[in-house]
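Here are the chains, one letter per residue:
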Amino acid sequence: MPLETIEVPLAGKVLKVNVNRGDKVTEGSEICTIESMKMENPILTPVSGIVKEVGVTPGQVVKPHETIAVIEY
Amino acid sequence: MSGRIKEVEERRSHLLKGGAPKEVERQHQMGKLTARERLEKLVDPGTLEEIDLWIRSVKTGFPIDETELPGDAVITGIGRIDGRPFCVFAHDFTVAGGTFGRALHHKVIRIMEMALEKRMPCIQLVDSGGERLQDGFGKPAWRPLLGGANPSVGGALNIYQAPGIMSGVVPQITVMLGPLYAGSAYSPTMADFMIMRNKTSFMSVCSPPLLKAITFTDATQEELGGAELHATITGTADFVTETDEEAIEICRELVTYIPLNNTEKPPVVDTGDDPNRMDDRLLEIVPADLSEPYDMHEIIRCVVDNGQFIELQKLFAKSLIIGFARLNGRTVGIVANNPGKENGILTLNTCDKQARFIRWCDAFNVPIIFLVDTPGFLSSVEQEQSMDGLIRTGPKPTFAICEATVPMITVCIGKCFGLARLIMGTLRMGIDVAYCWPSAQVARINPEEAIDVIYKKEICSAEEPDRVRRDKLAWLLENHLDFPYHALKQAMVNDIMDPRDTRPVLIKTLENLANKKKLPTAWKKHSLVPQ
């Protein structure tokens with residue numbers, strides 16, 4: 001099964017994380033929200049599948065290309 | 001009356017002191033001069049005619065109203081450098097951190113309009129905390145003079161609009177001696193030349209506290225906008241200096257090469273260097289094998305008056321050299337490949353650097369000398385795929401040369417093949433005269449690449465492809481590309497010269513070209529410079 005790694009697109013702070021390891025997600029659903037530039041940026045999954053790994057926790061400061069989640073699809 | 005004069009002088013000397021003594025002391029402790037000390041060093045002694053020293057800051061309704069702000073944190077005026085007039089202004093960091101109040105805006109606009117209408121260059125010495133927020137929020141009580149100062153130059157100018165309108169009319173120079181961030185930094189960055197002092201001046205869109213607030217990222221002033229970053233990576237700074245004094249001295253030297261405005265030629269200086277001087281050192285610099293590096297600066301120094309050359313963007317895109325020198329006392333712009341740095345390759349950054357310089361020389365009546373020896377573009381996946389796109393950025397110098405109307409002379413010293421000819425200028429593009437040295441190798445294509453294309457089948461099917469390639473190359477060089485004569489026979493260059501003659505020949509040719517007037521082309525509002 002292929003893995004899709006969802007990366008942080010822009011530097012900011014994680015506001016909330018909507019998924020846990022093992023959750024089933026559908027394409028387009030919101031994985032987490034990152035606050036940056038005084039805006040809330042929803043991060044969506046581009047694939048449907050199972051969450052294999054979650055790399056962020058709420059309140060965490062993140063940089064571009066860090067792993068938010070890995071989805072097996 | 002004498003009592004009133006005494007009072008005037010007392011008040012004046014109070015204002016001339018600038019910020020509070022402890023602020024002045026703090027400025028000195030940081031190793032920085034005050035705004036007034038800087039201006040006194042910039043202009044000839046006693047020549048600063050200050051404008052609006054007496055201006056009163058706007059009441060804002062915030063506690064800052066209780067503080068006296070002499071001159072509203074800026075000194076503006078007209079001063080002389082080597083006897084020539086210049087509009088100058090300097091932010092006074094000892095007054096409210098040199099922040100921009102409404103009165104400051106008024107003063108700076110006035111001096112920019114003065115530069116534009118009276119056709120004088122504008123020099124700014126930057127050291128400021130940016131816009132004064134309290135003033136921005138304040139009551140709109142005092143704006144009658146704003147922008148209305150001089151309708152003939154467009155009326156309501158502001159400090160961000162003026163540099164664009166002045167651009168190409170009068171030269172603009174920024175000397176960064178302290179910080180400036182965000183929009184406030186746009187006005188100084190739009191100037192023609194930038195001198196930055198190391199470790200005290202910083203310039204970026206986002207200041208460290210703002211970056212932290214909006215993206216939670218830590219970065220230092222140095223990382224975001226230090227002199228080193230802007231001199232080496234972004235190319236924004238032409239010069240980096242270690243002290244205020246050095247920065248101001250470079251500014252004074254730079255302006256000796258430039259005219260006051262776009263209708264004049266740069267001043268002619270008696271340099272005392274013999275126009276017929278021949279230099280034997282020119283026989284020794286270029287190696288017999290052109291693939292070996294050598295320093296093009298040496299050739300420049302042998303040719304120009306007294307070896308004096310003021311180089312711009314020296315630490316940026318180092319495989320190309322740009323700067324000003326004099327030939328028989330007259331300013332010339334030098335554009336030269338430097339085989340001593342990365343073989344003199346052309347890159348995205350050399351193209352940007354070169355195009356802007358050519359455009360500047362053209363705007364301000366400075367003839368351009370091209371000294372050519374380059375293997376061509378840096379062929380790499382990274383350059384082609386970069387955000388600047390090699391094929392999008394590459395034509396910029398070509399475009400600039402084709403548009404230029406000033407005298408342009410090329411001296412081919414070493415290699416120049418194919419596309420590189422379009423970057424370094426051909427006769428068809430508007431170069432007036434092209435010379436070469438006996439060491440030159442000029443052709444429409446690199447002979448080795450030509451062999452691989454023309455004899456692809458033979459080389460691929462041969463048992464010893466290298467030998468076939470070598471034989472074919474030798475044949476080609478002997479029968480078709482007999483360097484340096486090939487380019488002469490094809491009229492790609494006009495004449496070949498003894499390297500020792502370079503100086504006298506260039507001086508004579510420049511005299512011949514002095515009255516160049518390009519034939520008019522189709523009417524247009526302006527061209528669309530390649531992005």
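The rules behind these values
Residues numbered from 1 in each chain as written. Chains lettered and ligands numbered in written order. Predicted model: local features only at pLDDT ≥ 70, side-chain atom pairs only at ≥ 80, totals over all residues. Heavy atoms only, no water. Contact = heavy atoms within 4.5 Å. Buried area = accessible area lost by both parts, 1.4 Å probe. Salt bridge = Lys/Arg side-chain N within 4 Å of Asp/Glu carboxyl O. Polar contact = N/O pair within 3.5 Å; in protein donor to acceptor, adjacent residues only side chain to side chain. Helix = DSSP H or I, 4+ residues; strand = E, 2+ residues; numbered from the N terminus. Nonpolar A, V, L, I, M, F, W, Y, C, P; charged D, E, K, R; others polar. Buried < 20%, exposed > 50% of the residue type's maximum accessible area, 1.4 Å probe, protein only.

Peer 1: Please provide a residue-by-residue account of the interface of chain A and chain B, values included.
Peer 2: Opposite the eight residues of chain A that make contact, chain B presents five residues. For the pair chain A and chain B, the two sides together bury roughly 590 Å², of which 70% comes from carbon and sulfur. Between the two partners, chain A and chain B, sit zero salt bridges. Across the contact surface, chain A and chain B share three residue pairs in polar contact (both at pLDDT 80 or more). Those elements that provide at least two residues to the side of chain A that touches chain B are strand 2 (12-17) and strand 4 (30-36) of chain A. Of the residues contributing to the side of chain A that touches chain B, the split by class is three nonpolar, two polar and three charged.

Peer 1: Tell me what's going on with the pattern of salt bridges, and back it up with residues and numbers.
Peer 2: Residue and element names in this part refer to chain B. Taken as a whole and assessed by the stated rule, the structure comprises 33 salt bridges over all chains. When the shortest N-O distance is used, the salt bridge between Lys 32 and Asp 127 registers 3.1 Å. Pair noted here: Lys 32 is in the loop between helix 2 (21-29) and helix 3 (35-42) and Asp 127 is in the loop between strand 4 (122-126) and helix 5 (133-137), with a separation of 95 residues, a long-range link. Each member of the pair Lys 32 and Asp 127 is classed as buried. Of the charged contacts, one joins Glu 403 and Lys 524 as a salt bridge, the two residues approaching to 3.9 Å between their closest N and O atoms. Here Lys 524 lies in the segment after helix 22 (502-512) and Glu 403 lies in helix 16 (residues 395-403), a separation of 121 residues in the sequence. Residue Glu 403 is classed as partly exposed on the basis of its relative accessible area of 29%. The class for Lys 524 is partly exposed, based on a relative accessible area of 46%.

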